[in-house]
Amino acid sequence: MKKNWLGFLLNPFERIAGGTALAWGTLGLLLSTLLAWQTDYHYHGLLHFGPAPNPALWCFAAEHVIVWLIPALLFYLGGLALSRSRIRPIDILGTTLFAQIPLLFTNLMAFLPFYKQMSALDPATSLEEQLAQVTAMVAQPGFWFSVWLAFVSIAFVVWMGYWMFKALQVSCNLKEVKLGVLFCVGLFGGDIICRFIIGLLY
Amino acid sequence: MEEVRRKLPLHCPACESPLRVARLFCKSCGTEVSGSFELPLITRLSDKEQAFIIDFVKSSGSLKDMAKDRGISYPTVRNLLDDLIDRIKLLEKGDAL
């Protein structure tokens, strides 16, 4: 039983893909959008998060959809070019969206009080004032615990990346160099494209 | 005494080359045939690959049914099939050489 769960956490796509993964992924996307909206935690790209000037719910929803569809599209086009298997768009869409579920946990980081204080720092103020604000923040009880939690949230981004890798491997049946190259294109190239498109929303 | 079901060896334990059949005999009359015969292609596949082929036939070639029966996703079954096709092509290529 334990082994099954560990196997699922390491590669859920051996068990679920297609419509099932898409349904769970959509649920994760909706929850993530609402959490991000509540905490003003914007997705600037696939790997970049933080505050942004547009507080509208549609903007958060659009960010989530862009961050899902751009890497999925890159994976699909790459899969068509590199894979010898007959790949299905629904598998790529479903597994890519499911792979982003761990990002839900990074959204929770935005509930930490220090995150809001950091976001509130005004770069227009003098350096001395900003330093004074940061010093006051560091002096608060629980600050270092919050910093540690922020590092834990990075683990969830890594987990998302690992699941994206597995999503590509299973949905496109790629191996070795082809898999590595297309994954890097989808993740890092996708991040750059997402940042450009999302930048147009602000 | 109960007969032990032994696994058919496919490769030479000394040099890893594919093995061939040198001797066959009839269990009922004891007639023996000797020579150098090649193993059929399917017997040269691993146990897992042979089990996959049997499941594939039993499910009338439906990958969706196979995925359901095995409790795995459709693309995982399709990937197993594609890998098996590659392996069969490789074996056939080896035979042709």
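Residues numbered from 1 in each chain as written. Chains lettered and ligands numbered in written order. Predicted model: local features only at pLDDT ≥ 70, side-chain atom pairs only at ≥ 80, totals over all residues. Heavy atoms only, no water.

Draft legend 1. Region of the structure containing the overall build of chain A. When helices and strands are counted, chain A shows nine helices and two strands. Start at the N end of chain A and walk to the C end: the helices and strands fall as α-α-β-β-α-α-α-α-α-α-α. Each of the three principal axes of chain A carries a C-alpha extent, and together these read 60 × 45 × 30 Å. Relative to its full complement of 202 residues, chain A shows a buried share of 45%. A sequence separation of at least 24 residues applies to 74% of the contacts in chain A between residues at least 6 apart. Carbon and sulfur atoms make up 74% of the accessible area of chain A, which amounts to about 10700 Å² in all. Between the averaged position of the 11 positive side-chain charges in chain A and that of its 9 negative side-chain charges there is a distance of 23 Å. (Helix = DSSP H or I, 4+ residues; strand = E, 2+ residues; numbered from the N terminus. Buried < 20%, exposed > 50% of the residue type's maximum accessible area, 1.4 Å probe, protein only. Contact = heavy atoms within 4.5 Å. Areas by Shrake-Rupley, 256 points an atom, 1.4 Å probe, with all protein chains shown as cover. Lys, Arg positive; Asp, Glu negative; His and termini not counted. Charge placed at Lys NZ, Arg CZ, Asp CG, Glu CD.)

Draft legend 2. Highlighting a nonpolar patch on the surface. Taken together, the side chains of Leu6(A), Leu10(A) and Tyr162(A) present a nonpolar region at the surface, about 280 Å² in accessible area. For Leu6(A), the position within the fold is in helix α1 (residues 2-10). (Patch = residues over 30% accessible without salt bridge, like charges linked within 9 Å, V, L, I, M, F, W, Y side chains within 5 Å. Salt bridge = Lys/Arg side-chain N within 4 Å of Asp/Glu carboxyl O.)

Draft legend 3. Representation of the interface of chain A and chain B within the structure. Residue-level contacts link 17 residues of chain A with 12 residues of chain B. When chain A packs against chain B, close to 970 Å² is buried across both sides, 39% of that on carbon and sulfur atoms. If you look at where chain A meets chain B, you find two salt bridges. Between Asp83(B) and Lys175(A) there is a salt bridge whose closest N-O contact spans 3.0 Å. For the interface between chain A and chain B, the tally reads 12 residue pairs in polar contact (both at pLDDT 80 or more). Looking at which element gives the most residues to the side of chain A that touches chain B, the answer is helix α8 (residues 143-172) of chain A, with four residues. Residues of the side of chain A that touches chain B, tallied by class, amount to six nonpolar, four polar and seven charged. (Buried area = accessible area lost by both parts, 1.4 Å probe. Polar contact = N/O pair within 3.5 Å; in protein donor to acceptor, adjacent residues only side chain to side chain. Nonpolar A, V, L, I, M, F, W, Y, C, P; charged D, E, K, R; others polar.)

Draft legend 4. Layout of the packing of aromatic side chains. Residue and element names in this part refer to chain A. Considering all chains together, one arrives at 10 aromatic pairs over all chains under this definition. Here Phe13 and Trp163 contribute two aromatic rings whose centre-to-centre distance is 6.3 Å and whose plane-to-plane angle is 75°, an arrangement assigned as edge-to-face. One end of the pair, Phe13, is in the loop between α1 and α2 (18-39); the other, Trp163, is in helix α8, and 150 residues separate them in sequence. Each member of the pair, Phe13 as well as Trp163, carries the same accessibility label: buried. (Phe/Tyr/Trp six-rings, centres within 6.5 Å; stacked < 30°, edge-to-face > 60°.)

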